Amino acid sequence: MSETRSDGELLRAVAADADRRAFEELYRRYAPWLRARLRGRCADTGVVDDVVQETFLAVWRGKARYREDGDVAGWLWRIGSRRLVDALRGDGARGRLRQALARVRHRDEVSAEERVLAGVEHGDLAGALVRLSPELRAVLQATVIDGLTTREAAVLLGIPPGTVKTRAMRARRQLREVLA
């Protein structure tokens, strides 16, 4: 009888060694759950299946980095929900903006979006974001980083639009206090 590895052990094996068995085990554990959760947000099973595949491909290819301080299911949900939004929007305005920017700017030049995201991940803002409650962080992630409208964020997070607005206001106030 083989010993069951923890989620963290599986993710480390996938990231460090490209361990296919670890990846398959992670997929078996979470793909059905992620698929069911995404189906609650999108009735098109083809889109949902594509998003689940893209989510796990991001994990396999190392494009998604797990920081070992959170819940694996929540981490996968964030990846999957972002990919669902992109799929439903057809990568909409963000995709068009990226294409337009790529045509006019030099390849070696760092975009403003990349600088902001680097600050989110590594700068003072990262420390401030960690201090926010998970609920407030989720609203900022959805509305600021993912660029969703209040209504889209409400649907994604499963909360009323008024709650999204209230949490966003509280999060911004807390960030201003911490960063001032």
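A. The arrangement of the side chain of threonine 143 in detail. As for its position among the elements, threonine 143 is in helix α8 (residues 134–145). According to the relative accessible area criterion, threonine 143 is buried, its value standing at 17%. A polar side-chain atom of threonine 143 sits 2.8 Å from the main-chain carbonyl oxygen of valine 139.

B. Quick look at the pattern of salt bridges. Scanning all chains against the criterion turns up six salt bridges. For arginine 28, the salt bridge is made with glutamate 25, and the minimal N-O distance between the two is 3.0 Å. With arginine 28 and glutamate 25 both in helix α2 (residues 20–39), this residue pair falls three residues apart, about one helical turn. With relative accessibility at 53%, the residue arginine 28 sits in the exposed group.

C. Layout of the confidence of the model for the chain. Model confidence for the chain is summarised by a mean pLDDT of 77, while 73% of its residues fall at 70 or above. Within the chain, α2 carries the highest mean pLDDT (91), whereas helix α6 (residues 112–122) carries the lowest (50).

D. The packing of α8 against helix α10 (residues 161–179), seen in detail. Two elements in contact, α8 and α10, have axes separated by 9 Å at closest approach and are oriented at 100°. Here α8 lies roughly perpendicular to α10, going by the angle between them. Listed contacts from α10 to Glu135, Leu136, Val139, Leu140, Thr143 and Val144 of α8 are Val164, Arg167, Ala168, Arg170, Ala171, Arg172, Gln174 and Leu175. A class-by-class count of the residues in the contact of α8 with α10 yields eight nonpolar, two polar and four charged.

Conventions we followed
Residues numbered from 1 in each chain as written. Predicted model: local features only at pLDDT ≥ 70, side-chain atom pairs only at ≥ 80, totals over all residues. Heavy atoms only, no water. Helix = DSSP H or I, 4+ residues; strand = E, 2+ residues; numbered from the N terminus. Buried < 20%, exposed > 50% of the residue type's maximum accessible area, 1.4 Å probe, protein only. Polar contact = N/O pair within 3.5 Å; in protein donor to acceptor, adjacent residues only side chain to side chain. Salt bridge = Lys/Arg side-chain N within 4 Å of Asp/Glu carboxyl O. pLDDT = per-residue confidence, 0-100. Axes fitted to C-alpha atoms, helices over the stretch in contact; angles between N-to-C directions. Parallel < 35°, antiparallel > 145°, perpendicular 65-115°, else oblique. Contact = heavy atoms within 4.5 Å. Nonpolar A, V, L, I, M, F, W, Y, C, P; charged D, E, K, R; others polar.

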